[in-house]
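Below are the chains, spelled out letter by letter.
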Amino acid sequence: MSRPRNYQTEAIIIKKTKLGEADRILTLYTPHLGKIQAVAKGVRRPRSKMAGHLELLTHSLVSLARGRNLDTVTGSQTIDGFLPLKSDLALTSYALYTVELVEQFTADHDENHPLFGLLLKTMHQLCQEANHELTLRYFELHLFDLVGYRPQLRQCVACHKPLKPVTNLFSPGAGGVLCPGCQQSQPLAHPLSVDALKVLRWLQNVDLSTASRLKITPALSHELELVMRGYLRHLLEREVKSTTWLDTLREQARTNALL
Amino acid sequence: MNQEPKPTADAVSRLIQELNKLPGIGPKSAQRLAFHLLRAPEEQTSLLASALLSLKQETKLCSVCLNVTGADPCHICANEQRDRTKVCIVEQPQDILALEHTGVYTGLYHVLHGAISPTEGIGAGDVRIKELMARLEGGLVSEVILATNTNLEGEQTALYLNKLITPLGIQVTRLARGLPFGTELEYADDVTLTRALEGRQEL
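Residues numbered from 1 in each chain as written. Chains lettered and ligands numbered in written order. Predicted model: local features only at pLDDT ≥ 70, side-chain atom pairs only at ≥ 80, totals over all residues. Heavy atoms only, no water.

Chemist: Can you help me understand the overall build of chain B in this one?
Modeler: When helices and strands are counted, chain B shows eight helices and six strands. Order of helices (α) and strands (β) in chain B, N terminus to C terminus: α-α-α-β-β-α-β-α-β-α-β-α-β-α. In terms of overall size, chain B is more extended than a compact globule, its C-alpha atoms giving a radius of gyration of 23 Å where 203 residues would be expected to give roughly 17 Å. Its C-alpha atoms give chain B principal-axis dimensions of roughly 70 × 45 × 40 Å. Out of the 203 residues belonging to chain B, those deemed buried represent 34%. Looking at chain B alone, contacts between residues at least 24 apart form 47% of all its contacts between residues at least 6 apart. Split by element, the accessible area of chain B, about 13100 Å² in all, is 56% carbon and sulfur. Each charge class in chain B was averaged separately, 19 positive and 25 negative side chains, and the resulting centres sit 4 Å apart. (Helix = DSSP H or I, 4+ residues; strand = E, 2+ residues; numbered from the N terminus. Rg over C-alpha atoms; globule rule 2.2 N^0.38 Å. Buried < 20%, exposed > 50% of the residue type's maximum accessible area, 1.4 Å probe, protein only. Contact = heavy atoms within 4.5 Å. Areas by Shrake-Rupley, 256 points an atom, 1.4 Å probe, with all protein chains shown as cover. Lys, Arg positive; Asp, Glu negative; His and termini not counted. Charge placed at Lys NZ, Arg CZ, Asp CG, Glu CD.)

What follows is the structure, encoded as structure tokens:
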């Protein structure tokens, strides 16, 4: 039996590129079809009926028609527009960072239902008062899990002995933590404090709303961010583009606080 | 590779090649346009050619507002009648055309030439914010109107500029976001409707 010509799916809009005069190519992340690309016709015109339902960072119910090359969006209805998130500069930037990671770590048509759930949960969490830095760390760690890069945080990746409560090392290349004795085997490892390791382990095992209630010092938060950033850079073999913007915002917040 | 005889004159295939580089013009459209121009009166083609040449030679960016202009400063910045205490911030020079067409706005402009888009790696340094801040420090401006697009990038840019400009003691306003003229309510999205409700006005 041939596949139906029209179909409907839930989706989060994770990327858009301009096409022609008034069209866009959208990248949608869906629960059952994975990442798909589709053409949305006329959405750059002010009177487009679909444009508002197909903006970046929107959770929508999308109707599509199969095309020879790309599918075409025929209709769309917002499920959640994440309005609190979109009216805050920092939160929008955090959310853009999460969708960029999803876009980078997934292949077209590769179904990953839990990852869709994680992304949706994270965006809801960002709409609420919480420790958003930890929300991002939680998102990164669980993203690694779901795409097959779960870092080993329980035992040394080289000698497989349980880790001792001392400053160990995190090695992006080996995909986990090294004990001080195995330091020589991976030259690009960087130090990981006892507290940082504890938080990472804890994040791997709790749920998101618990995770983003934890209070940690700015120094520890920064350390965790650097560790994750190093691992991301190793896996993607490049920088995540939106981190530059996150840094700009943080820099600005710091100068404003000094004034 | 042996040279096959060309099916048409070199001049024609050169034009086809160049037209093909334009956005939205594929090889067939390029061919159609090229042959249309070949058949058109010479007057029309030379007008087109000189318009193309002057496009680059006779335009520059206004040193004040960064709009595309023939003379520097542009005719809007040079116009004494315009309200110098208001600056309207837009993403593209084309946006000025649309706003001027309404005939309602009498202040000045500033063109950013883009919008902040973190996922494409476009940060604050890649749009013309520095020029704007230097201009605002002059102290003449009392109101800044943010007229960036109402999509995510435009909103982000507006929120960012608001953070930068408010500490200077300048009033920052944003174009109202609501229902466009001629739309049907049932198709409106949540964000637009929420904003339209928040910004409702007495008749």
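Next, the rest of the story.
Chemist: Sorry if this is basic, but what is going on with the pattern of salt bridges here?
Modeler: When charged atoms on two side chains of opposite charge get close, those side chains can pair. Residues and elements named next belong to chain A. Within this structure, the stated rule accounts for 22 salt bridges over all chains. For arginine 238, the salt bridge is made with glutamate 100, and the minimal N-O distance between the two is 3.8 Å. Of this pair, arginine 238 sits in the loop between α7 (218-236) and α8 (241-258) while glutamate 100 sits in helix α2 (residues 89-105), and the two are 138 residues apart along the sequence. The exposure class of arginine 238 is partly exposed, given its relative accessible area of 26%. The exposure class of glutamate 100 is buried, given its relative accessible area of 4%. Through salt bridges with shared partners, one network takes in Glu133, Arg137, Glu140, Glu225, Arg229, Asp247 and Arg250. (Salt bridge = Lys/Arg side-chain N within 4 Å of Asp/Glu carboxyl O.)

Chemist: Can you walk me through the nonpolar core in this structure?
Modeler: Across soluble globular proteins, nonpolar side chains show a tendency to be buried alongside one another. Ranked by size, the top nonpolar core spans 75 residues in total, and within it Leu28(A), Leu54(A), Leu57(A) and Val73(A) carry the most contacts. Per element, the largest residue contribution to this core is nine residues, and it comes from α2(A). With sequence-adjacent residues up to four places away left out, Leu54(A) is seen in contact with Ile13(A), Leu26(A), Ala40(A), Val43(A), Val62(A), Val73(A) and Ser76(A). Leu132(B), Val141(B), Tyr160(B) and Leu161(B) belong to the second-largest nonpolar core, a separate cluster that totals 21 residues. (Core = buried A, V, L, I, M, F, W, Y, C linked by side-chain atoms within 4.5 Å.)

Chemist: When you look at the sheet that holds strand β4 (residues 107-111) of chain B in this model, what are you seeing that I'm missing?
Modeler: Whether parallel or antiparallel, the strands of a sheet pair through hydrogen bonds between backbone atoms. Residue and element names in this part refer to chain B. The strand order β4-β3-β5-β6 describes an open sheet built from four strands, whose pairing is parallel. Strands at the two margins of the open sheet, each flanked by one partner only, are β4 and β6 (171-174). Neighbour to neighbour, the strand axes of the sheet diverge by 25° on average, direction disregarded. Bridging between strand β5 (residues 143-146) and β6 involves four bridges; their strand directions are parallel. Looking across to β6, one finds that glutamate 143 is bridged to glutamine 171. Together, β3 (83-90) and β4 form the strand contacts of helix α5 (residues 93-102), whose direction differs from that of β4 by roughly 155°. (Pairing = 2+ DSSP bridges. Axes fitted to C-alpha atoms, helices over the stretch in contact; angles between N-to-C directions.)

Chemist: What am I meant to see in the packing of α2(A) against helix α4 (residues 132-147) of chain A here?
Modeler: Packed helices, taken two at a time, are described by the angle between their axes plus the distance between the axes. Residue and element names in this part refer to chain A. For the pair α2 and α4, interaxial distance at closest approach is 11 Å and the crossing angle is 10°. With respect to their mutual orientation, α2 and α4 come out roughly parallel. Counting all contacts with α2, which are made through Leu91, Tyr94, Tyr97, Thr98, Leu101, Val102 and Phe105, the residues of α4 involved are His132, Glu133, Leu136, Phe139, Glu140, Leu143, Phe144 and Val147. Grouping the amino acids of the contact of α2 with α4 by side-chain chemistry returns eleven nonpolar, two polar and two charged. (Parallel < 35°, antiparallel > 145°, perpendicular 65-115°, else oblique. Nonpolar A, V, L, I, M, F, W, Y, C, P; charged D, E, K, R; others polar.)

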